[in-house]
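Coordinate inspection notes
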Amino acid sequence: MSEVALLGAGRIGNIHAGNIARQPGAHLQYVVDVDRAAAQALAQKHGAQVVDADRVFADERVAAVIIASSTDTHAEYILRAAKAKKAIFCEKPVDLSLDRARACAEAVRAAGVPCMIGFQRRYDPTFASLKSRIDEGEIGTPEMLVVTSRDPGAPPVDYIKRSGGIFKDMLIHDFDIFRWILGDEAASVYATGSCLTDPAIEGAGDIDATAVTIRTRHGRLAQINTIRRAAYGYDQRFEVIGSKGMLQAGNHRPTEVMLWSSGAITADKPEHFFLERYRAAYASEMAHFFEVLAGRERPRTSIDDGVAALALAEAATTSWREKRIVEL
């Protein structure tokens, strides 16, 4: 039986707790959150105890920690877990500071413990199938990637103020998709953006719409367009153009029922938000983490992936602010 501690009892913590409960041989032992009422409600649901972080890291029975707390706690918890020789699953980003994220990666390597970062899009059945078909050579050599990433609405401005900005908060997933799909690293980044949906976001020092162009070390190109307002739902799709053709990965809808009538042909809108869109991905991601714990699989994501995506977010932020191409 693998005893697990969950750090963070918010919406993503609730998702992870449910998925932990579905893993054979896993038991959610502890829940930690500054909101004790939220922690208590989640712990009661899954037969866990509410404790503080010190108890988690001191308990040798705890084999793994799931870090789903606020971003400003991620680095501290990673460092403490590595020191205690506990396996780590941490939501993105590793930290808002690239230097601190790199220090975490060094600590994880020195400890020799697995540390997966929560880039759940890699586990989405549609995206994973597309990646497999690229690897099988179906479209030859990938040459260009176009990513569309649109939220149905922005988070509260108070959250935006401490999020690190749109590139570190929202686009960090798209930067990971770029590296994973093309199997290449960025040589240069050019990012521009505007505030189009809410003036309060601009007042917080951020933007809500971006366009990013990346040139890779092998000369491949990627374009990422994002906006924090899509009236029709959560819009996550991309296409990869290769030497022999193109692969597209589209949105998920609540149902695949379509109405064909004399007036129009209609279908459901895309899933409303990321919790619905990536329901299966979150489940697959957590199942994989426990396969890693059991020694049956190698991690598909690592803290190095988290650092690399954060470095791209940092470069994009610099490019937007200074209105220039950033070389990496």
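Refer to the structure above for everything that follows.
Residues numbered from 1 in each chain as written. Predicted model: local features only at pLDDT ≥ 70, side-chain atom pairs only at ≥ 80, totals over all residues. Heavy atoms only, no water.

With that settled, the discussion passes to the sheet that holds strand S5 (residues 87-90). The parallel open sheet is built from 6 strands, whose spatial order is S3-S2-S1-S4-S5-S6. At either margin of the open sheet sits one strand with a lone partner, and together these are strand S3 (49-50) and strand S6 (115-117). Pairing between strand S2 (residues 26-32) and S3: 2 bridges, direction parallel. The residue of S3 that forms the bridge with Tyr 30 is Gln 49. Of the strands in this sheet, strand S1 (2-7), S2, strand S4 (62-67), S5 and S6 touch helix H12 (residues 279-293), which is tilted by about 165° from S5. (Pairing = 2+ DSSP bridges. Helix = DSSP H or I, 4+ residues; strand = E, 2+ residues; numbered from the N terminus. Contact = heavy atoms within 4.5 Å. Axes fitted to C-alpha atoms, helices over the stretch in contact; angles between N-to-C directions.)

In total, this model carries 9 aromatic pairs according to the counting rule given. With 4.7 Å between their ring centres and 50° between their planes, Phe 127 and Phe 238 make a pair best called tilted. On the criterion of sequence distance, the pair formed by Phe 127 in helix H6 (residues 125-135) and Phe 238 in strand S11 (residues 235-242) is long-range, its members being 111 residues apart. Residue classification places Phe 238 among the buried positions, given a relative accessible area of 5%. (Phe/Tyr/Trp six-rings, centres within 6.5 Å; stacked < 30°, edge-to-face > 60°. Buried < 20%, exposed > 50% of the residue type's maximum accessible area, 1.4 Å probe, protein only.)

In the case of a regular strand, side chains alternate between the two sheet surfaces. Most of S2 sits out of view: 6 of its 7 residues are buried. For the segment spanning S2, helix H2 (residues 36-46) and S3, crossover handedness is right-handed. (Right-handed = clockwise from strand over helix to strand, strands pointing away.)

Within the structure shown, the criterion is met by 25 salt bridges. With a shortest N-O distance of 2.6 Å, Arg 80 and Asp 54 are connected by a salt bridge. One end of the pair, Arg 80, is in helix H4 (residues 71-83); the other, Asp 54, is in helix H3 (residues 53-58), and 26 residues separate them in sequence. Taking relative accessible area as the criterion, Asp 54 reaches 46% and is therefore assigned partly exposed. Where salt bridges share partners, they join Arg 122, Asp 176, Arg 179, Glu 185 and Asp 305 into one cluster. (Salt bridge = Lys/Arg side-chain N within 4 Å of Asp/Glu carboxyl O.)

One finds Val 65, Ile 88, Phe 167, Phe 175, Ile 181 and Phe 238 to be the most contacted residues of the largest nonpolar core, which totals 100 residues. Examining the composition of this core, we find that 10 residues originate from one element, helix H13 (residues 303-322), more than from any other. Apart from the residues lying within four places of it in its own chain, the contact partners of Val 65 are Ala 5, Leu 7, Val 56, Phe 57, Ala 81, Lys 86, Ala 87, Ile 88 and Phe 89. (Core = buried A, V, L, I, M, F, W, Y, C linked by side-chain atoms within 4.5 Å.)

This next bit is on the sheet that holds strand S9 (residues 209-216). Read from one edge of the open sheet, 7 strands run S12-S11-S7-S10-S9-S8-S15, paired in mixed fashion. Looking at strand neighbours, the two that pair on one side only are strand S12 (245-249) and strand S15 (326-327), the edges of this open sheet. Strand direction decides the pairing type here: strand S7 (residues 142-150) and S11, joined by 8 bridges, are antiparallel. What sits directly across from Ser 149, in S11, is Gln 236. Against the sheet, H6 touches S7, S11 and S12, its axis set at about 165° to S12.

Size it by volume and the largest pocket reaches roughly 1,000 Å³. Mapped onto the lining of the largest pocket, the elements with two or more residues apiece are helix H1 (11-21), H4 and helix H8 (166-169). It is H4 that contributes the most residues to the lining of the largest pocket, 3 residues altogether. Looking at side-chain class alone, the lining of the largest pocket contains 14 nonpolar, 11 polar and 12 charged residues. (1 Å grid on protein atoms, 1.4 Å probe; cavity = no way out; pocket = protein on both sides within 12 Å on 5 of 7 lines; lining within 4 Å. Points joined across faces, edges and corners; volume = space filled by probe spheres on them. Nonpolar A, V, L, I, M, F, W, Y, C, P; charged D, E, K, R; others polar.)

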